[in-house]
Amino acid sequence: MMLYLRRDKKDEENGASGNPFHNLEKTAVLQEARVFNETPINPRRCIHILTKFLYILNQGEQFSTTEATEAFFATTKLFQSKDVTLRRMVYMLIKELSNIAEDVIIVTSSLTKDMTGKEDLYRAAAIRTLCRITDSTMLQGIERYMKQAIVDKAHSVSSAAMVSSLHLMNTSNDVVKRWVNEAQEAVNSDNIMVQYHALGLLYRIKKTDRLAVTKLVSKFTRSSLRSPYAFCLLIRIACKLLAEEDSGTDSPYFEFIENCLRHKSEMVIYEAAHAIVNMKQTTARELAPAVSVLQLFCSSPKPTLRFAAVRTLNKVAMTHPAAVTACNLDLENLITDVNRSIATLAITTLLKTGSESSIDRLMKQISGFMSEISDEFKIVVVEAIRSLCFKFPKKHGIMMNFLTSMLRDEGGFEYKKAIVDTIISIIDENPEAKESGLSHLCEFIEDCEHTVLATRILHLLGREGPRTTFPSKYIRYVYNRIVLENSAVRAAAVSSLAKFGAHSEELLGNVLVLLRRCLLDTDDEVRDRAIFYVNLLEQQQRQMNSAYILNGLQVSIIGLEKALHQYTLEPSECPFDIKSVPLETHVISAEPIRVHADSTPAAAKSADKISATRQDIFAEQLGAIPQFSSLGPLFKSSSMPLELTESETEYVIQCVKHTFQHHMVFQVVTLKVTG
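Parameters at a glance
Position numbers for residues start from 1 in each chain and track the written sequence from start to end. Two thresholds apply to this predicted model, a pLDDT of at least 70 for residue-level local features and 80 or more for giving and counting side-chain atom pairs, whereas whole-chain, interface and lining totals are computed over all residues. Each side-chain value is derived from all of the structure's non-hydrogen atoms; neither hydrogens nor water enter the calculation. Each helix is a run of H or I in the DSSP string that is no shorter than four residues. Each strand is a run of E no shorter than two, and both are numbered from the N terminus. The quantity called the radius of gyration is restricted to C-alpha atoms. Its globule counterpart is 2.2 Å times the number of residues to the power 0.38. Whether two residues are in contact is decided by their heavy atoms: any pair within 4.5 Å suffices. Computed by Shrake-Rupley with a 1.4 Å probe, the accessible areas treat only the displayed protein chains as cover when residues are assessed. Only four residue types enter the charge count: Lys and Arg as positive, Asp and Glu as negative, with His and the chain ends excluded. Think of each charge as sitting on NZ of Lys, CZ of Arg, CG of Asp or CD of Glu. Like-charged residues within 9 Å of one another, or nonpolar side chains (Val, Leu, Ile, Met, Phe, Trp, Tyr) within 5 Å, are grouped into patches, provided each residue has over 30% relative accessible area and no salt bridge. By definition, a salt bridge exists where a carboxyl oxygen of Asp or Glu is found within 4 Å of a side-chain nitrogen of Lys or Arg. Per-residue accessibility, obtained with a 1.4 Å probe over protein chains only, is compared with the maximum for each type, and a residue is labelled buried under 20%, exposed over 50%, and partly exposed between these values. Distance and chemistry together define a polar contact, namely a pair of N or O atoms within 3.5 Å, with one atom able to donate a hydrogen and the other to accept it when in protein, and with adjacent residues in sequence counting only for side-chain atoms on both sides. Should DSSP find at least two bridges between two strands, the strands are taken to pair. Put simply, a nonpolar core is a bunch of buried Ala, Val, Leu, Ile, Met, Phe, Trp, Tyr and Cys residues held in one set by side-chain atoms that sit within 4.5 Å of each other. Only Phe, Tyr and Trp rings are paired, with Trp represented by its six-membered ring, and only when their centres lie within 6.5 Å; those with planes under 30 degrees apart are stacked, over 60 edge-to-face, the remainder tilted. Geometrically, a charge over a ring is one whose NZ (Lys) or CZ (Arg) sits within 6 Å of the ring centre while staying within 35 degrees of the ring normal.

K.L.:
Hey, could you go over the overall build of the protein for me, with residue numbers and the actual values?
P.N.:
A tally of helices and strands in the protein yields 35 helices and four strands. Expected size for 675 residues packed as a compact globule is a radius of gyration near 26 Å; at 34 Å, the protein overshoots this value by more than 25%. Reported as C-alpha extents along the three principal axes, the dimensions of the protein are approximately 100 × 65 × 65 Å. Of the contacts made within the protein by residues no fewer than 6 positions apart, 61% connect residues no fewer than 24 positions apart. Carbon and sulfur atoms form 52% of the exposed surface of the protein, whose accessible area is close to 36700 Å². Computed over 77 positive and 79 negative side-chain charges, the inter-centroid distance for the protein is 6 Å.

K.L.:
Tell me about a negative patch on the surface, and name the residues and values.
P.N.:
Negative charge collects at one region of the surface, where Asp409, Glu410, Asp447 and Glu449 lie side by side. By relative accessible area, which is 71% here, aspartate 447 ends up exposed.

K.L.:
Got a sec to walk through the side chain of histidine 263? Specific residues and values, please.
P.N.:
Considering the arrangement of structural elements, one finds histidine 263 in the loop between helix 16 (252-259) and helix 17 (266-277). From its side chain, histidine 263 meets the backbone nitrogen of serine 265 in a polar contact 2.9 Å long. Look past the residues within four positions of histidine 263 in its chain and what remains in contact with it is Phe231, Val268 and Ile269.

K.L.:
Break down the environment of arginine 44 for me, with residues and values.
P.N.:
Along the polypeptide, arginine 44 turns up in helix 3 (residues 43-58). Counting along the chain gives 42 residues from arginine 44 to leucine 86, while the straight-line C-alpha distance between them is 7.8 Å.

K.L.:
Please give an account of the pairing of strand 3 (residues 651-659) that cites residues and values.
P.N.:
The pairing of strand 1 (residues 636-637) with strand 3 spans two bridges and is antiparallel. Paired with serine 637 across the two strands is histidine 658, which belongs to strand 3. Pairing of strand 2 (residues 642-643) with strand 3 involves two bridges; the strand directions are antiparallel. Bridged to glutamate 643 within strand 3 is glutamine 654.

K.L.:
Give me the nonpolar core: which residues, what numbers.
P.N.:
By size, the foremost hydrophobic cluster in this structure holds 188 residues, and its most contacted members are Ile257 and Leu351. Top contributing element to this core by residue count: helix 15 (residues 228-245), with ten residues. Other than its neighbours up to four places away in sequence, leucine 351 contacts Leu362, Met363, Ile366, Val381, Ala384, Ile385 and Leu388. One finds Phe618, Leu622, Leu631 and Val665 within the second-largest nonpolar core, a separate group that totals seven residues.

K.L.:
An account of a nonpolar patch on the surface is needed here, citing residue identities and associated values.
P.N.:
Together, Phe73, Ile105 and Ile106 give the surface a local cluster of nonpolar side chains, amounting to about 250 Å² of exposed area. Since its relative accessible area comes to 45%, isoleucine 106 is described here as partly exposed.

K.L.:
Which residues make up the packing of aromatic side chains, and what values go with them?
P.N.:
Under the defined criterion, the tally for this structure stands at eight aromatic pairs. For the ring pair phenylalanine 72 and phenylalanine 73, a centre distance of 5.4 Å and an interplane angle of 75 degrees mean the geometry is edge-to-face. Judged by its relative accessible area of 31%, phenylalanine 73 is partly exposed. The ring of phenylalanine 63 has lysine 26 sitting right over it, with the charged end atom 5.6 Å from the ring centre. The ring centre of tyrosine 122 lies 4.6 Å from the NZ or CZ of arginine 87, which sits over that ring.

Shown next as structure tokens:
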């Protein structure tokens, strides 16, 4: 025993992790298949080799047609053995090789014999294998056996026949439809799986007949099904009928789903609650029964039920936060759940439904929890905090301090970026949070290892810092970046410093001193920026400062690149005119674009100018997507997005049409309306 444990430990250290098939080669396994021809057959050894075949096939190893055919014919020799386990392994390998090997139909007679034999352990597996290798031309030959198998007394055989029938409908729909009477008889079975599979087969047979499906649902909603799985399927079918009819809560189908909330099976109760939550245009009153049962599941001892409940409540909180408020106490208890996924969902749900008075307590509870979850879950929490900041702007101080403490913790780029984005969005939306937010970001860049985040924060400091009460306190943080950071960050810091000097005459002298120190920088970009800004600031002309430092070039970068390229292709004596480049526009805005009926002609001209720029940007974006790169040049994009939803809804959906020579691309954009 100790020797075995030591060997496992050695395998683990070598990276094998105790896997007996580690570094298994296809060629070696194919050679081992020669054992199948030996007489007498050694079942144990053959089972081991068949397991190797199944392993390498499921690992994605590709077999040529010749290799698969040789392995298949070698496997058929094993039908001579009566070993039950070996026979079932043979069935599994035949199913895996059926799509690769040739002439697999030669085992049809052997499989039919096993299918109609007395050994139940053979029969179910033989049915599944036979249906896998049978095509539409051969199906009629085994139709009689399949009908008998569907109503067989052995539950495993009956279930295997019906599941195989579902698969056969993809290729032989008309033949399987003739088995409806047998499926109707099987649905009355006492076995829960047989009843579930029978209902699934019945629905699939009648799926295209709306009246037949309606009668099917009406019949089984009145009669009591034994199988909870069948009940769940019936709820899903009823939901589809509800969506097609658009009859709302007055429909008998909705009444049936609501009655399922009182079923004895937890599976059925959750399926009903999940169905009600996902229905369109449900009110808080209609959601109340579903939320109540989900609240009970939150205190269940089963982790799966707790996870399902809190995940569904999280979804409800996005559209009806008030309906979930009653569950807040149960959700707070889940913050300490041993399952981190449940705890994360509980926190994000509470952040969506919590009141202003509960924020302090929530932040304290979350702080001890954040170190135990992965970056992926932390980002979810950060996004929820961002929404909460917009909902309760007066509590920005508490949440800003919490976000800052998260910035100090270990984490990857995406996690840090999510926090920085959240703090910047709070600064943009809430003027009261500006100074504290900038101070927190200044502390972060003192020890920031991500160049992208450092340059973005420096740009923000240059834009917002000069407008604060004491702008001079930020200059130290900006200049430290020039001394300590790489060239990209130093260049961004130079631009940020110049904005302080251009905005404030009091700071101009000090800024010029610091910028002159950058004139001897080792990087060309940093030196060029320093020389440019020093010469501009020394002239002390507000108009030039505003045009070239504070505002910069408000042109489309893509449009500028194309205009310059065109200028080089067509030599001209006239100098390049920057006014020929369209102004910069944002393709996707934080706020939805509105088109009013009383728009003036001037506004229409402005829209035309914007559309030209949007055209360039869209062409660049679509060309970068591999699936669209082969469509050719973009002919035209719609000048303004088409609104697909009402303007009063919380989420506004817009569509932009892109026309190519032979294709039309629809870009759907979802925007959340805040405020």
